Amino acid sequence: MEFTNMIVPEVIVGFNVYDGDGDLVVGVTDKMSLAKLSSKVATITGAGITGSYNVPVVGHYDSITQVVPFRVAYKPMFELANPMKITTLNIRGAIQVTDKSTGLSDYAGVRYMVKGRAVETDPGELNMGEVMGSSVTIEATTVIYEIDGKKLIELDKMNGIYRIDGIDYLEKVRKLC
């Protein structure tokens with residue numbers, strides 16, 4: 001499905017979390033915040049500039065942390081918590097959309113991939129009859145966000161790749177360096 005101004009994205013109907021081998025990671029909570037991407041910035045000042053302003057350093061991002069929430073601390077959570085290995089998670093979901101021109105509803109696939117190492121493990125708390133609120137936090141070095149198979153954002157800190165909507169903004173930099 002091509003997203004145009006006639007397509008109204010409405011809600012996430014469902015999602016699942018998979019590890020790097022494609023296995024379902026059972027026990028992840030029903031809500032998951034995606035990592036915030038904050039550009040590194042440089043402050044520009046000097047002759048001919050009245051004051052200062054910040055500019056993003058294209059393709060460079062501050063620390064990117066992805067919290068992976070679990071209902072209960074158990075074996076799959078602790079497998080993700082190993083700081084000696086790179087963890088890959090693929091979050092796949094379905095977005096309900098409506099075509100304004102026809103009034104028909106449909107679904108679009110969404111995929112969010114994050115790769116990195118665990119930097120924090122929170123076993124949560126014990127409380128009779130309630131979930132523990134456990135989590136693992138990953139320091140992401142790779143982030144991909146796509147809809148219906150089209151990559152909208154691809155950031156790979158280790159390989160100097162930064163693509164938005166298919167345009168590689170660091171390709172020329174890699175060639176020059």
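Please refer to the structure higher up on the page.
The shown structure was predicted, so the numbers you read here are calculated from the model rather than taken from an experiment.

Undergrad: Is there a simple way to think about the overall build of the protein chain in this case?
TA: In terms of helices and strands, the protein chain carries two helices and ten strands. The dimensions of the protein chain, computed from C-alpha atoms along their principal axes, are 65 × 50 × 35 Å. Considering only residue pairs separated by 6 or more positions, the protein chain has 58% of its internal contacts joining residues 24 or more positions apart.

Undergrad: What is the right way to look at the nonpolar core in this model?
TA: Note that soluble globular proteins tend to have their nonpolar side chains buried in a common cluster. Ranked by size, the top nonpolar core spans 24 residues in total, and within it Val-17, Ile-64, Val-68, Phe-70, Leu-89 and Val-136 carry the most contacts. Ranked by residue count, the leading element in this core is strand S7 (residues 134-147), at four residues. Filtering out sequence-adjacent residues up to four positions away, Val-136 remains in contact with Gln-66, Val-67, Val-68, Met-77, Leu-80, Ala-81, Ala-118 and Glu-120. Core analysis: the next-biggest nonpolar cluster, separate from the first, contains six residues, Ile-7, Ile-95, Val-97 and Val-110 among them.

Undergrad: Could you clarify how one ought to interpret a negative patch on the surface in this entry?
TA: On the surface, a cluster of negative charge is contributed by Glu-120, Asp-122, Glu-125 and Glu-130. Positionally, Glu-120 belongs in strand S6 (residues 105-122). Glu-120 sits in the partly exposed class, given a relative accessible area of 46%.

Undergrad: What am I meant to see in the environment of Thr-98 here?
TA: Note that Thr-98 resides in strand S5 (residues 87-99). A relative accessible area of 16% means that Thr-98 is categorised as buried. Separated by 45 residues in sequence, Thr-98 and Tyr-53 place their C-alpha atoms 41 Å apart. Residues within four places of Thr-98 in sequence aside, it is in contact with Met-6, Ile-7, Val-8, Glu-10, Gly-103, Leu-104 and Ser-105.

Undergrad: Honestly, the pairing of S6 in this entry has me stumped. Any pointers?
TA: When a strand is regular, its side chains alternate between the sheet's two faces. Pairing between S5 and S6: twelve bridges, direction antiparallel. Its bridge partner lying in S6, Val-97 is registered against Asp-106. As judged from the twelve bridges shared by S6 and S7, these two strands associate in the antiparallel manner. Following the sheet pairing, Thr-121 is matched in S7 by Val-136.

Undergrad: Before we go on, may I ask you to explain the packing of aromatic side chains in this structure?
TA: Between two aromatic rings, the relevant description is the distance of the centres plus the angle of the planes. Counted according to the given criterion, the structure contains three aromatic pairs. Plain terms: the ring middles of Tyr-61 and Tyr-162 are 5.6 Å apart, the flat faces sit at 55 degrees to each other, and that makes the pair tilted. Within this pair, whereas Tyr-61 is found in strand S3 (residues 52-61), its partner Tyr-162 is found in strand S9 (residues 161-164), the two being separated by 101 residues in sequence. The exposure class of Tyr-61 is buried, given its relative accessible area of 11%. Of the residues examined, Tyr-162 reaches a relative accessible area of 11% and is grouped as buried. With centroids separated by 6.5 Å and ring planes inclined at 75 degrees, the aromatic side chains of Phe-70 and Tyr-74 adopt a geometry described as edge-to-face.

Conventions adopted
- Residues numbered from 1 in each chain as written.
- Predicted model: local features only at pLDDT ≥ 70, side-chain atom pairs only at ≥ 80, totals over all residues.
- Heavy atoms only, no water.
- Helix = DSSP H or I, 4+ residues; strand = E, 2+ residues; numbered from the N terminus.
- Contact = heavy atoms within 4.5 Å.
- Core = buried A, V, L, I, M, F, W, Y, C linked by side-chain atoms within 4.5 Å.
- Buried < 20%, exposed > 50% of the residue type's maximum accessible area, 1.4 Å probe, protein only.
- Patch = residues over 30% accessible without salt bridge, like charges linked within 9 Å, V, L, I, M, F, W, Y side chains within 5 Å.
- Areas by Shrake-Rupley, 256 points an atom, 1.4 Å probe, with all protein chains shown as cover.
- Salt bridge = Lys/Arg side-chain N within 4 Å of Asp/Glu carboxyl O.
- Lys, Arg positive; Asp, Glu negative; His and termini not counted.
- Charge placed at Lys NZ, Arg CZ, Asp CG, Glu CD.
- Pairing = 2+ DSSP bridges.
- Phe/Tyr/Trp six-rings, centres within 6.5 Å; stacked < 30°, edge-to-face > 60°.

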